[in-house]
Amino acid sequence: MSEFAAEVAPITYSFRFSRIFDTLHHCHGEGSVIGRVDLRTVGMKQGLAVLALMCSMASSAAMADVTATFADKGRLRTVIEAASDGSARIRQDNGGTIDQGYTLIRDSKVYQVSPGPGGPVAVSAEAEAYSYRQSVARGEIIFTESRHKRSKQRALIAKGAAHIAGYHGTRYEFADGNGPSLVVTDDPRFKPLGMALNRYLSQILTEGPESNLAQFRALAATHGVLSLFGEQDLTQVTFTPIDPKRFDLPAKVVELADVTLPDAGTAAPKRNERKPEVIKGAYHNGLLYLLDESGAVEIWPEGEERGTPYKTPGPVTSFCFAGQQMWAATVDRKAKQTLLWSRPVSTEQETNAGAWSRAGTFPQSDESPVLAVDCSGVEPIVVFSDHLTMPLSGRNVALKGGKPIGPGYVVSQVQGGVLWLGLNAGEWGGGLRRITLADGLMGAPSDIDPKTLCGGALNPGCHPVTGLAPDPSHPDCILAAVGLVHMMSRGGVVRICGKEVSLAYAKPYTLNPDWHWDGKLSDTETSVAFQSMAAGAKGDKAFAVAEDGVYTFTQELKPEFKAFSIWRTGNVDWSHPSYVLIRTHMNQRHSLSGGSFILVPR
């Protein structure tokens, strides 16, 4: 791919927006803004460059409307629409099935409009640039040596006449014959395109391989353009009026003020200063308990901005609360043992009072690790990859009818004598396990459409399960949240009723402002990835969190939706009376690129 094509190549919404949402979370240094509108790092400069291409079209209100199409020898096509009032729109596509959005300029401002959750989202160039700078400052974008190497200035020379789409021009290229070329024309009707290209080139980095393109600025500023750097030639042009509605902003707009706050911290983290990520949370007696990947536990009093260490018998692998008792599993790697502990936690003041009591000792091995400690049923259950242990009744149940449960994050829920396990193996999927507590018989409910890659509502080879909850609208059913962000975003909430698996809800990334849930989602559509799910404390609701907000499932067919507030700050969000949200990157190496949320009911 050429330098120009690489600059403007379309990219998917889910990655383009990963960085701007992360900026919302990080704009207070160690704190994070609750709400996710993320712009991806690799797409930032490309988006800015394409946006800038439109800027100069607003420079002359006297110009007539013009629509120009450029295309390469393959499927890449660029369409530029410019109105006489300075409004403009640019769209690229490569013949694929996913609409990547377009660039919009109006009222002297430039926006990137992309498919958003349930409708289009416009992000201003200022917001996008700020998010990019924040990512660089935090060390999330690291330039290689070649990116910092300034290209040598080379002479441009005219190489002769060129005839493109019936129009006459002159081709210019570097004197050494290497690199891109540009075909310009003296036809005044095309001059707005040259002015636009000049503005576009002003945004190109002055360091790195793209800096060669900046040498075409002066040439473009005084001519019209018939070919974009030898990659895309003009194929069609019209000068008919353009409907002003083509330049309307969508309902969802992200401005610079939405991603910046006073005194926002931008310092890059020092090497080897990465803190362990939170992997599990539980709320009990007015306290939030958070477990990180190192095995440490913190307690957070209601509404506080920081937690304090909680004393445990050793590094914890999982924990839960059953009544006024806390259960925790630890691993003694030297002795190759898994230890199960319990202690009373009866009041808010008794946060570190009382002693831990050992409730069990089990052989520990890589072949049969502890996957979870579950307290959602009548008694605690310690889940190993090949058996279950129930310390109160003293039962040990071997798992039958399937392979041992593999590595990855595991979520659990007991319902009606059945233990449900949601498996998250990232890009390798995960799916569900259904375990009958009476005999340990395992099943793997799924819904697979073999006609498409990763097709179906619940494909264990592709769909990581990130949360479980009983279904308030179907008492005998369970809901499973699915979320994967890998190359593209995919997710939904699945309903399992016995052997029947169906899609309960999904929200596509779309440019359609009138989208509504009709019970269907194409396997080719990108969709919102759900990051966590849990049952409400009273059991009449189920909450699921995605990057755009929290969805509440009740007895209604369609969930209630509460969008995130981008002004909310802190790693823990206490703002809702029914749940707490915890910001984490635990899933970055698994199913969800970038940051995500754990939802803890209270």
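Residues numbered from 1 in each chain as written. Predicted model: local features only at pLDDT ≥ 70, side-chain atom pairs only at ≥ 80, totals over all residues. Heavy atoms only, no water.

## Examining the overall build of the protein chain
In terms of regular secondary structure, the protein chain is built from nine helices and 45 strands. Here the protein chain, with 602 residues, has 54% of them falling under the buried criterion. Look at the contacts in the protein chain between residues 6 or more apart in sequence, and 54% of them connect residues 24 or more apart. When the accessible surface of the protein chain is split by element, carbon and sulfur atoms take 51% of a total near 26,400 Å². (Helix = DSSP H or I, 4+ residues; strand = E, 2+ residues; numbered from the N terminus. Buried < 20%, exposed > 50% of the residue type's maximum accessible area, 1.4 Å probe, protein only. Contact = heavy atoms within 4.5 Å. Areas by Shrake-Rupley, 256 points an atom, 1.4 Å probe, with all protein chains shown as cover.)

## Observations regarding the nonpolar core
Grouped together as the largest cluster of nonpolar side chains are 31 residues, with contacts concentrated most on Leu 182, Phe 229 and Leu 234. Judged by nonpolar contacts, the second largest core, of 18 residues, contains Ala 506, Val 528, Ala 542 and Ala 546. (Core = buried A, V, L, I, M, F, W, Y, C linked by side-chain atoms within 4.5 Å.)

## Section: the confidence of the model for the protein chain
The predicted model of the protein chain averages 81 in pLDDT, with 78% of residues at 70 or higher. Segment residues 1-61 is flagged for pLDDT under 50; beyond a separation of four residues in sequence, or across chains, it makes 241 contacts in the model. For the stretch residues 264-272, pLDDT sits under 50, and the model shows 17 contacts to residues farther than four places along the chain or on other chains. (pLDDT = per-residue confidence, 0-100.)

## Here's the deal with the side chain of Arg 490
Topologically, Arg 490 is positioned in strand β35 (residues 488-497). The class for Arg 490 is buried, based on a relative accessible area of 15%. A distance of 3.1 Å separates the side chain of Arg 490 from the backbone oxygen of Ser 522, its partner in a polar contact. For Arg 490, the residues in contact, after removing those within four places along its chain, are Val 482, Gly 483, Leu 484, Leu 521, Ser 522, Asp 523, Glu 525, Ser 527, Val 528 and Ala 529. (Polar contact = N/O pair within 3.5 Å; in protein donor to acceptor, adjacent residues only side chain to side chain.)

## Topic: the environment of Glu 556
Note that Glu 556 resides in the loop between β40 (549-553) and β41 (560-563). Taking the C-alpha atoms as reference, Glu 556 lies 8.6 Å from Pro 472; in sequence the two are 84 residues apart.

## So, the packing of aromatic side chains
Within this structure, the stated rule accounts for 15 aromatic pairs. Clustering of aromatic rings is evident, with ring pairs tying together Tyr 289, Tyr 310, Phe 319, Phe 321 and Trp 356. Between the NZ or CZ atom of Arg 154 and the centre of the ring of Phe 174, over which it lies, the distance is 3.9 Å. The side chain of Arg 343 reaches across the aromatic face of Trp 356, ending 5.8 Å from its centre. (Phe/Tyr/Trp six-rings, centres within 6.5 Å; stacked < 30°, edge-to-face > 60°. Lys NZ or Arg CZ within 6 Å of the ring centre and 35° of its normal.)

## What to know about the pattern of salt bridges
In this structure the tally under the stated criterion is twelve salt bridges. One salt bridge connects Arg 106 with Asp 248, and the closest N-O pair in it is separated by 3.8 Å. With Arg 106 in strand β5 (residues 102-106) and Asp 248 in the loop between β13 (232-238) and β14 (252-254), this pair connects stretches of sequence that are 142 residues apart. On the accessibility criterion, Arg 106 (23% relative accessible area) is partly exposed. A network of salt bridges, in which partner residues are shared, links Arg 77, Arg 91 and Asp 93. (Salt bridge = Lys/Arg side-chain N within 4 Å of Asp/Glu carboxyl O.)

## Observations regarding the state of the cysteines
What makes a disulfide is a covalent bond joining the sulfur atoms belonging to two cysteines. Across all of its chains, the model carries three disulfides by this definition. One disulfide bridge connects Cys 320 with Cys 375, the sulfur atoms lying 1.9 Å from each other. Classification of the bridge connecting Cys 320 and Cys 375 rests on its S-S torsion, roughly 50°, and on that basis the disulfide is right-handed. Pair noted here: Cys 320 is in strand β19 (residues 316-322) and Cys 375 is in the loop between β23 (370-374) and β24 (381-384), with a separation of 55 residues, a long-range link. (Disulfide = S-S within 2.5 Å.)

## A short note on the sheet that holds strand β15 (residues 278-284)
One open sheet accounts for four strands, arranged β15-β16-β17-β18; its pairing is antiparallel. Two strands bound the open sheet, and with one partner strand each, they are β15 and β18 (308-310). Strand-to-strand twist in this sheet, taken as the mean axis angle between neighbours without regard to direction, amounts to 30°. (Pairing = 2+ DSSP bridges. Axes fitted to C-alpha atoms, helices over the stretch in contact; angles between N-to-C directions.)

## Let's talk about the pairing of strand β38 (residues 530-535)
Every other side chain in a regular strand lies on the same face of the sheet, so the side chains alternate between the two faces. Of all six residues in β38, five are buried; the element is thus mostly enclosed. As paired strands, β38 and strand β39 (residues 542-546) are joined by five bridges and run antiparallel to one another. Among the inter-strand pairings, Ala 535 is bridged to a residue of β39, identified as Ala 542. Taking the residues that link successive antiparallel strands as the turn, the β38-β39 hairpin has six residues, and the phi of Gly 539 there is positive, at about 80°.

## Notes on the sheet that holds strand β4 (residues 88-93)
The twelve strands are arranged β9-β10-β11-β12-β13-β2-β3-β4-β5-β6-β8-β14 in an open sheet whose pairing can be described as mixed. Pairing within the sheet leaves two strands with one partner each, and these edge strands are β9 (156-164) and β14. On average, each strand axis in the sheet is tilted by 25° relative to the strand beside it, whichever way the strands run. Here strand β2 (residues 66-71) runs beside strand β3 (residues 77-82); their pairing, made up of six bridges, is antiparallel. Paired with Ala 68 across the strands is Ile 80, a residue of β3. In the packing of helix α5 (residues 125-137) onto the sheet, the strands contacted are β6 (109-114), β8 (121-124) and β14, and the crossing angle to β8 comes to about 70°.

## Focus on α5
Owing to its 3.6 residues per turn, the α-helix brings residues three or four apart onto one side. The terminal C-alpha atoms of α5, which comprises 13 residues, lie 18 Å apart, in line with the 18 Å expected from a rise of 1.5 Å per residue. Every buried residue belonging to α5 is among Ala 125, Ala 127, Glu 128, Ala 129, Tyr 130, Ser 131, Tyr 132, Gln 134 and Ser 135, and all of these are buried. (Expected span 1.5 Å × (residues − 1).)

## Some words on the environment of Asn 212
Note on placement: Asn 212 falls in the loop between α7 (191-201) and α8 (217-221). Considering only alpha carbons, one finds Asn 212 and Gly 179, 33 residues apart in sequence, at a separation of 8.0 Å.

## Overview of the pairing of strand β20 (residues 325-332)
When you tally the buried positions in β20, you get six out of eight residues, the bulk of the element. Note: β20 against strand β21 (residues 337-344), eight bridges, orientation antiparallel. Across the sheet, the residue bridging to Thr 330 is Leu 339, located in β21. Hairpin connection, β20 to β21: the antiparallel pair is bridged by four residues, and Lys 336 has positive phi, about 55°.

## A look at the side chain of Ser 124
Mapping Ser 124 onto the fold places it in strand β8. When its relative accessible area of 0% is taken as the criterion, Ser 124 is described as buried. At 3.1 Å, the side chain of Ser 124 forms a polar contact with the backbone nitrogen of Ala 127. With near-sequence residues (within four places) excluded, Ser 124 lies in contact with Val 110, Tyr 111, Val 254, Glu 255 and Leu 256.

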